[in-house]
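Working through the structure, step by step
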Amino acid sequence: MELSKFSVGNEGREVFWNAENFEGLLFAFTAIAMAIFAYGIYRRWQMWTAIGKPEVRNDQIKERIKLLLKNGLFQIKTFRDIYPGIMHGLIFFGFIGLMFGAAFDATEFHVGEPYGFPFLIGKFYLVFSFLMEVLGLFVLAGVFMALDRRYITKPERLGYKGEPDNTPDDAIVLLLLGGIILTGFVIEALRIHVTNPPWEVWSFVGYTLAKAFAGVDNNTARIIHKVMWWTHTFMALGFIAYIPYSRLVHMITTPANHFMASLKPVGNIEPIRDFETAESFGAGQLEDFTWKQVFDSDACTRCGRCQDGCPAYLSGKALSPKKVVQDLKTYWLERAPLIAAAKKAAGKAAEGAAPEMPAATKAMVGEVIDLHELWACTNCMYCMEHCSSSIEHVPKIVNMRQYKVLTEADFAPELQLTYRNMENNSNPWGVGSHLRADWAKELGVKTLAEDPNVEYLFYVGCSGSFDERGKKVSVAFAKILQTAGVSFGILGTEEGCCGDSAMRGGNEYLSQTLMQTNIEVMNGYGVKKIICTCPHGYNTLKKDYPHFGGNYEVYHHTEIIANLIAAGKISLKKPVDGMFTYHDSCFLGRYNNIYDQPRKILAAVPGMKLAEMDRKLDKSFCCGAGGARMWMEEHDGERINNMRTDQAIDVNATNIAVACPFCLTMLTDGIKAREKEEKMASLDIAEVVWRAMGLEEEKPSADVCAPTE
Amino acid sequence: MNIVACVKQVPDTEAAIKVKPDGSGIEEAGIKWVMNPYDEFGVEEALKLKEKFGGDVTIVSVGPARALETIRTALAMGADKGIHINDPALEGADAYNIAAALAAAIKGIPHDIIFCGQRAIDDDAGQVGSVLAEFLGIPQVTFVTKLDVEGASIKVIRPIEGAQLLIQSSLPCVVTAQKGLNEPRYASLPGIMKAKKKPVDVKDAAGLGVTVAPKAKIAKTLPPPARPPGKIICGEEPAEKARELAKLLREEAKVI
């Protein structure tokens, strides 16, 4: 037992015990570590700023600080996946707490004690010690969970197609983290073993561990302590120095990415403004992305959340959002130093001389990112919704598609046909545009040309106008509106394709043409409120049309129907049979946060039996038709719509309620593919509601041969 | 290799065709005009040959002002220049006069191969390519589904009932394109933008030294006969329904 100035009632410890004359060395090593760190960040900074077009991501500071606090400090996005969320949270919060602890120690030593106001004493010291033990255990637990996930449990998402994508760096980081904590506990235990104050029972880990050194004499203990203390210190300083050169850089890039997250509406694709003079469109090389799009890839932690719900990946296609980001990162790591050096050289050269940029050695689109990956994306937004680093995958995909479609005109023939159809007849099927309003012929629905003084424009969309199933939805919804006495009209043959599929399929030129044509017509009639039955039209009218002077209040029909039910304008009295499940459309759910209304509507139907699928709400599984995939062949892997249908079959659903005509088509096809059409059906919410209103005798489908009287 | 592709602007295949009440033609209001699909095969083949052998592709079209859009479409695909023969006298003219005008325009420019569609989908006449070859005094190979250049001649495939002919022809030569020859490309956006600035010569009959004198003319355009309503055969047994169907086909429709 050594003499001490501390005692019961005046608990504390000698900070930096047994580390006499350490300051000079410690400061020197710290300075070296900080210098290595600073140099790494400087290099990284040059690489971050080397490539990419300008983009403003430091506006609306208040919003951005909120995002930084929410997802950076409080880890909200990380906690959305609970187990890995806790794993990361234990390490993250544990380490932050311990860093404060270390700072307290340093302050006590360098300020508190020398200036006569020590604060790490008494009860505060005991609580402080206790907390440090708990936080240390947090980090250790987190590290063990991480080691388990990466090397024992190996969840699919920590790899690609069954192959783990572990790197030595992953192990180094975890061992460093664990090592810092373990050595911390050991030096604490040795100190307690030698000094042995009774209150150190509060430092319960060190106190317990001290017992393991029971037979060690004090001098040996002091020597071991010194060695361990320096080991601990080197590991901690090494950790700091290692940050910019390892996956630890995410400690900087990921919070930065949260801060710089897009504040635009979900799914926003920045319109191309210059078609006339540009030579190339979309992103064919890294340089065609914005700097933020490039930066994104450095914020990726390879956690694989994106991959976990990616319909393309899960159905066996080449695409994994994680792989796309990582491949772009690898390419960036290759290109950025060269470009940064070229810029630097140009800076030194005579002013006005254009910097000579190193030529790209490979095609980004086609070589770095395989075309099968590029075209497999359904734009379902799962990856972006769940990315705990706020990476924006989908706009990158669309930008690369723009390059293939607009600049190279090299893309799937069936999609070329779709675009020609949109060009010639303003619908993807190429049905004569004069037939657009035929579905409404017998309903007495007026066009705005006939009566522009209506409250709502019902923008029917291509599916609702031309697709046989879609037309039935339009009829059901028009009848609901008529019954409820809602004032509405349609554009009839003046309506055109909304442009969503063209835009998401990379044909920005066509989509803008389509949008502008519609906007001219709608603005001509002074349209203010619009209802869409198709979430694709809904999303694009709401979010993309304002780019081109089309500013409307846009509603989805589920919002309108939910309101009509709530206001008592329609009553659902006829019970429906069967077991229902509701399939969330991506463009309604993740894009527009409409999850409640469809479910409220279904709940209002008498006799409704509703089973939820496992993948629901923001984790809903895409039907496979978004992002222009509706119009493309699905050659690789399992068909996404069949997989979704299986998920409905798994909950014994006999009816899949949908709120999107693309989903309707895909799931109807899925039901056929699974040979369940006798037992199962897919229905739009409007059809369910119209049935439940019980105002129309349902005609059996075979009535053409019914006996006539 | 210098190539000429003749194109015609026609109503989109899905357009609603309405015959004018006086039978003088069809109502043009609301019609979406496109490049005749068979001509598009010709343009695509011309571009492929250009990519392989170099040279120029010239687009020639007879039509009113709106036909310029179709010429621009072909230029957007990659053709180099256009000749737009715009003369009211040629509107609705017969194949003989159209071919004469085309021949006059083409004589003035170098041409190793001239592509035409095997027919235009509006009047389905299928004569212009052949008459054009006669005016130019050069060979013609029609309904071509495959084309290979071998030195100063071409080898083409022409499908016929139950077989296909491999035909060799000297150059210059008129080739009429049939479906299957290729898949026409989608124009790139830089292509579309550049097409706006590519040269298009506008000529009329007088400028080409052609006198328009129809040998045949469309006397009247009539709507197709109204289709009688369909009939659904009802019955319990498939055999019974088949019997009824056979009976109706024989006695009512008189087709078997």
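None of these values were measured; they are calculated from a predicted model.

Cut-offs used in this document
Residues numbered from 1 in each chain as written. Chains lettered and ligands numbered in written order. Predicted model: local features only at pLDDT ≥ 70, side-chain atom pairs only at ≥ 80, totals over all residues. Heavy atoms only, no water. Domains from an automatic or database assignment. Contact = heavy atoms within 4.5 Å. Buried area = accessible area lost by both parts, 1.4 Å probe. Salt bridge = Lys/Arg side-chain N within 4 Å of Asp/Glu carboxyl O. Helix = DSSP H or I, 4+ residues; strand = E, 2+ residues; numbered from the N terminus. Buried < 20%, exposed > 50% of the residue type's maximum accessible area, 1.4 Å probe, protein only. Arc of directions from axis to C-beta. Expected span 1.5 Å × (residues − 1). Polar contact = N/O pair within 3.5 Å; in protein donor to acceptor, adjacent residues only side chain to side chain. Nonpolar A, V, L, I, M, F, W, Y, C, P; charged D, E, K, R; others polar. Disulfide = S-S within 2.5 Å. Pairing = 2+ DSSP bridges. Axes fitted to C-alpha atoms, helices over the stretch in contact; angles between N-to-C directions. Phe/Tyr/Trp six-rings, centres within 6.5 Å; stacked < 30°, edge-to-face > 60°.

The next thing to look at is the domain arrangement of chain A. Much of the literature gives interface size as the accessible area that the parts lose upon coming together. Residue and element names in this part refer to chain A. What the domain assignment lists for chain A is domain 1 (59-259), domain 2 (286-407) and domain 3 (413-693). Centre-to-centre separation of domain 1 and domain 2, based on C-alpha positions: 33 Å. Counting residues at the interface gives 26 residues for domain 1, matched by 27 residues for domain 2. Surface buried jointly by domain 1 and domain 2 totals about 2,100 Å² across both partners, of which 38% is contributed by carbon and sulfur atoms. Per-residue buried area on domain 1 facing domain 2 is highest for R157, Y160 and N257; these three make up 34% of the total on that side. The interface formed by domain 1 and domain 2 contains five salt bridges. Of the charged contacts in the structure, one is a salt bridge between R157 and D308, with a shortest N-O distance of 2.7 Å.

This part covers unusual backbone geometry. The amide bond that connects L171 of chain B to the next residue, P172 of chain B, takes the cis arrangement and shows omega of -5 degrees. Mapped onto the elements, P172 of chain B comes out in the loop between β10 (163-170) and β11 (173-177). Positive phi outside glycine occurs at S426 of chain A, with the angle close to 55 degrees. Within the fold, S426 of chain A resides in the loop between α17 (413-425) and β3 (456-459). A positive phi angle is found at A628 of chain A, which is not glycine, with a value near 70 degrees. One can find A628 of chain A in the loop between β8 (609-610) and α25 (640-650). When its relative accessible area of 0% is taken as the criterion, A628 of chain A is described as buried.

Residues and elements named next belong to chain A. The complete set of buried residues in helix α24 (residues 596-603) reads P598, R599, I601 and L602. Buried residues of α24, seen end-on, are gathered within an arc of 155 degrees and therefore sit on one face of the element. Across from the buried face of α24, at angles greater than 90 degrees, the exposed residues are K600 and A603. Contacts made by the buried residues of α24 are with α23 (557-566), β7 (579-582), β8, β9 (655-658) and α27 (685-693).

A few words now on helix α21 (residues 508-524) of chain A. Residues and elements named next belong to chain A. With 17 residues, α21 ought to run about 24 Å at 1.5 Å a step, and its terminal C-alpha atoms sit 24 Å apart, in line with that. Lining the buried residues of α21 we find α16 (393-407), α17, β3, α20 (500-504), β5 (529-532) and α22 (535-543). At the exit of α21 stands G526, carrying a positive phi of roughly 65 degrees.

Further remarks concern the side chain of N425 of chain A. Its location among the elements puts N425 of chain A in helix α17. For N425 of chain A, a relative accessible area of 5% gives the class buried. Within the structure, N425 of chain A has its side chain in polar contact with the backbone nitrogen of S433 of chain A (distance 3.2 Å). A distance of 2.7 Å separates a polar atom in the side chain of N425 of chain A from a polar atom in the side chain of D12 of chain B. Contacts of N425 of chain A, omitting those with residues within four sequence positions, involve G430, V431, G432 and S433 of chain A together with D12 and E14 of chain B.

Let us look at the interface of chain A and chain B. Contact with chain A, which involves 24 residues of that partner, is made by 21 residues of chain B. Summing both partners gives a buried area of about 1,800 Å² for chain A against chain B, and 57% of it is carried by carbon and sulfur. E276 of chain A is the salt-bridge partner of K196 of chain B, the closest N and O atoms lying 3.2 Å from each other. Joining chain A to chain B, the criterion identifies eight residue pairs in polar contact (both at pLDDT 80 or more). Counting only elements with at least two residues in the side of chain A that touches chain B, the list comes to α16, α17 and α21 of chain A. For the side of chain A that touches chain B, the leading source of residues is α17 of chain A, giving six residues. Across the side of chain A that touches chain B, the residue classes break down as eleven nonpolar, eight polar and five charged.

Attention now goes to the environment of K18 of chain B. All names here are of chain B. Along the polypeptide, K18 turns up in the loop between β2 (9-11) and β3 (33-35). Linking K18 and A105, residues 87 residues apart in sequence, is a C-alpha distance of 33 Å. Excluding residues within four positions of it along the chain, K18 makes contact with G25, I26 and E27.

The next point concerns the domain arrangement of chain B. As assigned here, chain B comprises domain 1 (3-208) and domain 2 (226-256). Distance between the C-alpha centres of domain 1 of chain B and domain 2 of chain B: 44 Å.

A separate point is the pattern of salt bridges. Scanning the model with the defined rule gives 52 salt bridges over all chains in all. Put simply, K396 of chain A and D296 of chain A hold a salt bridge, and the shortest N to O gap is 2.7 Å. Here the residue K396 of chain A occupies a position in helix α16, and D296 of chain A occupies one in helix α10 (residues 291-296), the gap between them amounting to 100 residues. Side by side, K396 of chain A and D296 of chain A carry an identical accessibility label, which is buried. Here K8 of chain B ties to D122 of chain B by a salt bridge, and the two come within 3.1 Å at their closest N and O atoms. One end of the pair, K8 of chain B, is in the loop between β1 (3-7) and β2; the other, D122 of chain B, is in the loop between β6 (113-117) and α4 (128-136), and 114 residues separate them in sequence. A relative accessible area of 37% means that D122 of chain B is categorised as partly exposed. Through salt bridges with shared partners, a single network forms among E55, R57, K292, D296, E392 and K396 of chain A.

Turning our eyes to something else, we now look at the environment of S170 of chain B. Residue and element names in this part refer to chain B. Turning to its location among the elements, S170 is positioned in strand β10. On the basis of relative accessible area, S170 is assigned to the partly exposed category, the value being 42%. With 105 residues separating them along the chain, S170 and A65 place their C-alpha atoms 35 Å apart. In contact with S170, not counting residues within four places along its chain, are P139, A152 and S153.

Our focus in this paragraph is the state of the cysteines. Residue and element names in this part refer to chain A. Counted by the stated rule, this structure contains zero disulfides over all chains. C387 forms no disulfide, and the closest cysteine sulfur to it belongs to C303, at a distance of 6.3 Å. The exposure class of C387 is buried, given its relative accessible area of 8%. Left without a disulfide partner, C532 is nearest to the cysteine sulfur of C534, which lies 7.7 Å away.

So, on to the sheet that holds strand β10 (residues 681-684) of chain A. Residue and element names in this part refer to chain A. Read across the sheet, four strands follow the order β8-β7-β9-β10 without closing on themselves; strand pairing throughout is parallel. Sheet topology places β8 and β10 at the edges, where each strand pairs with a single neighbour. Note that β7 and β8 share two bridges and pair parallel. Residue pairing across strands places M579 opposite K609, the latter belonging to β8. Against the sheet, helix α26 (residues 661-673) engages β9 and β10, with an angle of about 170 degrees to β10.

All names here are of chain A. On inspection of all chains with the given rule, the structure shows 36 aromatic pairs over all chains. Ring geometry for F275 versus Y509: centroids 5.2 Å apart, planes at 75 degrees, classification edge-to-face. Placement of the pair is F275 in the loop between α9 (250-259) and α10 and Y509 in helix α21, with a sequence separation of 234 residues. Taking the relative accessible area as the measure of exposure, Y509 reaches 26% and is therefore partly exposed. Ring geometry for W429 versus W631: centroids 5.1 Å apart, planes at 85 degrees, classification edge-to-face. A residue pair is termed long-range when its members are at least 10 positions apart, and W429 in the loop between α17 and β3 and W631 in the loop between β8 and α25 qualify at 202 residues.

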